[in-house]
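Architecture at a glance
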Amino acid sequence: MNIKHLTTPIKDEDIMDLRIGDLVYLTGRLITGRDDVHHRVVKQHRELPVDLNGIAVFHAGPIMKERADEPGKYDVISIGPTTSMRMENSERDFIRETGVKLIIGKGGMGLETAEGCKESIAVHGVFPGGCAVLAAEQVLDVEGVEWPELGMPEAMWVMRVKDFGPILISIDTLGNNLFEDNKKKFNEVKEEVLPELYSQVDYLK
Amino acid sequence: MTTSEKQKFIDILAAFTGYSSKHLPDDVVERLTLMREKEDSPMAKLFYDAMFSDLEKASELDRPCCQDTGVLQYFVQVGSGFPLIDETEDSLREAVKKATIEAPLRHNVVEIFDEYNTGDNTGTRIPWIDWEVLPHCDSVTIYMYMAGGGCSLPGTAKVLMPLEGYEGAMKYILDQVTSYGVNACPPLLLGIGIGGSVEVAAKLSKKALLRRIGTRNKNQKAAELELKMEEAINRIKIGPGGVSGNASVMAVHIEQAGRHPSTLAVGMSTGCWAHRRACIRINHDLSYELLTHKGVTL
Ligand code: SF4
C-alpha cells in the first residue's frame, strides 16, 4: 500500500505509477458531479462552466450552508461520496470530454470506466463512504456553485481541498479494478457458503 | 391540547430527528467498535479509523455524520390515549421541515412525475409514516429511520413458490448482498422479511432493521438462521466499504408473518454502517426518553 500526495493540475505522469490498493491524498481543486452533471456533460453536451482538465471529480452530493453575512458564499457542512456505479454509463465519455484525472466516489466502477481510465489516463479511487464530516473538514474553500438549479445534491460545487483523503485507488491507468477483483472473490465464497445455508433451511415438513 | 403543547411536541420531534442525524445509536457504535477491534487488514482498519474519526468530528461540530440524511421514515406506535394523537402526523411533517433547517439535513425529497426537489424534505406521503395503535396506553413510541440512497438501493422483495422456498430465499439474498450490498457502505445490517406477499415481506424487512443489534428473533429456528446467515455472510469478508476485511455485516435480523400455502415472499432491506435509527418514547405530559441513545437530553 503506497501513499502518494497529488496536487492539481494532475499530470499523466503523476498517476501512471499508481496501482490499485495505493492511497492518495489530494490537494487542489475538485468539483462535485453526480448523475445530473454527468447527464448534462455526456448526453446534453452542455458547455462546461469550469475547466476540468487535470482536476478531480467527486461523486458527491453535499449539505451546504449559505453564509448569513455573505450571500452567495457557501460552507460545506457534510460531504461524502455517493455510489460511483450510478455513473458507470457515462464516466468513460466524461473522462474523455473533460480531462479529469481523478474520479472519487464509493464502491467500484465497471469495465467501461476501467477502459476510460486506460485510454484517457485517469484513476478512480474511493473515499470511505459516509465519512462526510471528515471530508468536509478537508475542504479549504468553496469557490462557487455551477448549475445550482439542479438542487443542492446535484449541482456542481467547485472546491479547494487540502490533503483530501484517504482515497483508495480502485481503478488504475492499466485498467486494473480492485472492486471487480473483490467481487469475484466474494462470489466464490458465496458459492461455498450457500449449500451450508441450504442445509440449515430444510423447514418444509 | 394547547398550541404551545403542539409546538413543544414539534420541537421535541425536530430535535430528536436532528440529533439522530449526528449520533449513531448506542448498539451500532458498540458493534462497530467490536468489529474494528477484531479487524486486522490494514485497508479495512483505515476505513474503520475514518468512520470513527468522522463520528467524533460530527459530534464535536454538531453536524450530520453522513451527508445523506435520507428520506425520513417514522414508525409510530401511538397509544390510543395519547393526548396529541390527532396532531402526530402534522407534527412529524412540521418537525421534518424544522430539522431540515436546523440540523441541517440535505434536501432529499424529489416528487415523482413532476421531478423536482421539494427543498424541505416533505412531499407526497413523505415523511413516510407507519402506524400502529396501542390500546390502553397514553404515550407514543416513535422509531425514526433515515433511509439513505446508498443503503436503500440494495432493497428488494420477491414472491417465490414454496418449492424454491427457503433455499431460493437464501440465494436471492446472498446474490443481492454480494452485488448491490458492496456499495451500500458496509458493514451492513441486513433486515429480512418473510411472509406470504410482497408488501408484507418488504415491510417486515424494514422493521427488522429497527431492532436493536444483539437481539434475536423469538422463534428458535429463525434465531438460529440469523446466526448462521451472519456467519456465512461474514465469511465472504466484504469488509468496511467493500474493500474486504474480516467481516461483512453488523448483524442479520429476520422478521416473519404467516404465509399462504402457495407462496413464500422474501424481502430485504439493508442498513449501512451509519445506521441512523433512533427511538423515542414521549409520555402524555411530553416528558420523553431516548431509547436508542441512553441518557441523552435533547
Ligand atoms: S450508504 Fe449510508 S453511510 Fe453510505 S452514503 Fe449512504 S447513508 Fe451515508
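All residue numbers here refer to positions counted from 1 along the written sequence of the relevant chain. Chain labels run from A onward and ligand labels from 1 onward, assigned in the order the entries are written. It should be noted that, the model being predicted, local features are given only for residues of pLDDT at least 70 and side-chain atom pairs only at 80 or more, the latter also being counted only at that level, while totals for whole chains, interfaces and linings use all residues. Heavy atoms throughout the structure, all of them, feed into the side-chain values; hydrogens and water do not.

Looking at the overall build of chain A
Just so we agree on the cut-off: Under the DSSP-based scheme used, a helix requires at least four consecutive residues in state H or I and a strand at least two consecutive residues in state E, with every element numbered from the N terminus. To sort residues, take the accessible area from a 1.4 Å probe on protein chains only and compare it with the maximum for the residue type: under 20% means buried, over 50% means exposed, and anything in between is partly exposed. Per-residue and other accessible areas were derived by the Shrake-Rupley procedure at a 1.4 Å probe size, with only the shown protein chains allowed to occlude residues. Positive charge is attributed to Lys and Arg, negative charge to Asp and Glu, and no charge count is given to His or to the chain ends. The atom standing in for a charge is NZ when the residue is Lys, CZ when it is Arg, CG when it is Asp and CD when it is Glu.
Looking only at helices and strands, chain A has six helices and nine strands in total. Considering only C-alpha atoms, chain A reaches an extent of 70 × 40 × 35 Å along its principal axes. Residues classed as buried in chain A amount to 61% of the 205 residues present. For chain A, the computed accessible surface area is about 8200 Å², with 47% contributed by carbon and sulfur atoms. Side chains of chain A carry 24 positive and 35 negative charges; the gap between the two charge centres is 1 Å.

A closer look at the nonpolar core
To keep things clear, this is the line we draw: For our purposes a nonpolar core is just a set of buried Ala, Val, Leu, Ile, Met, Phe, Trp, Tyr and Cys residues, chained together by side-chain atoms within 4.5 Å. All domain edges in this entry derive from an automatic or database-based domain assignment.
Judged by nonpolar contacts, the single largest core of 62 residues is most densely connected at Leu26, Ile104 and Phe164 of chain A. Taken domain by domain, this core gets at least three of its residues from each of domain 1 (3–22 + 65–148 + 276–290) and domain 2 (156–271) of chain B. In terms of nonpolar packing, the next biggest core, distinct from the first, is built from 41 residues, Phe47, Leu160, Val182 and Leu225 of chain B among them.

A closer look at the pattern of salt bridges
Oppositely charged side chains can pair when the atoms bearing their charge come close. Definition in use: Between Lys or Arg on one side and Asp or Glu on the other, a salt bridge is scored when a side-chain nitrogen of the former is within 4 Å of a carboxyl oxygen of the latter.
This model, assessed by the stated rule, comprises 39 salt bridges over all chains. Across the pair Asp90 of chain B and Lys6 of chain B runs a salt bridge, and its minimum N-O distance is 2.4 Å. In this pair, Asp90 of chain B is assigned in helix α4 (residues 88–102) and Lys6 of chain B in helix α1 (residues 3–22), connecting sequence segments 84 residues apart. A residue is classified by how much of its surface remains accessible, and Lys6 of chain B, at 16% relative accessible area, is buried. Residues Lys171 of chain B and Asp175 of chain B are paired through a salt bridge, measuring 3.0 Å at the closest nitrogen-oxygen approach. Here Lys171 of chain B and its partner Asp175 of chain B are both found in helix α6 (residues 165–179), four residues apart, which amounts to about one turn of the helix. Connected via shared salt-bridge partners are Arg92, Asp93, Arg96, Glu112 and Glu119 of chain A.

Topic: the sheet that holds strand β7 (residues 264–271) of chain B
All names here are of chain B. Put simply, the test is: When DSSP locates at least two bridges between a pair of strands, those strands are taken to pair. Note on method: axes are straight lines fitted to C-alpha atoms, helices fitted across the in-contact stretch only, with angles between N-to-C directions ranging 0 to 180 degrees. In what follows, a contact means two residues having at least one pair of non-hydrogen atoms within 4.5 Å.
An order of β4-β7-β5-β6 is seen for the four strands of this open sheet, with the pairing classed as mixed. Unpaired on one side and paired on the other, β4 (156–160) and β6 (249–256) mark the two borders of the sheet. Strand after strand, the sheet turns through a mean of 15° between neighbouring axes, direction not considered. Sheet strands touched by α6: β4, β5 (188–195) and β7. Its angle to β7, the strand with the most contacts, is close to 25°.

Describing the site of the ligand
Worth spelling out the cut-off: The rule for a residue being near a molecule or strand is that one of its heavy atoms must lie within 4 Å of it. Here the nonpolar group is Ala, Val, Leu, Ile, Met, Phe, Trp, Tyr, Cys and Pro; Asp, Glu, Lys and Arg are the charged ones; every other residue, Gly included, is treated as polar.
Taken together, the residues surrounding the ligand are Lys106 and Gly130 of chain A together with Cys66, Asp68, Gly150, Cys151, Ala184, Cys185, Cys272, Ala274 and Arg276 of chain B. At the ligand, the nearby residues belong to more than one chain, namely chains A and B. Here the shell around the ligand is built from residues that sort into six nonpolar, two polar and three charged.

Topic: the side chain of Glu91 of chain A
All names here are of chain A. In this structure, Glu91 sits in helix α3 (residues 88–98). For the buried residue Glu91, which engages in no salt bridge, the nearest side chain bearing the opposite charge is Arg86, 10 Å off. Those residues in contact with Glu91 that sit more than four places away from it in its chain are His38, His59, Ile103, Met109 and Thr113.

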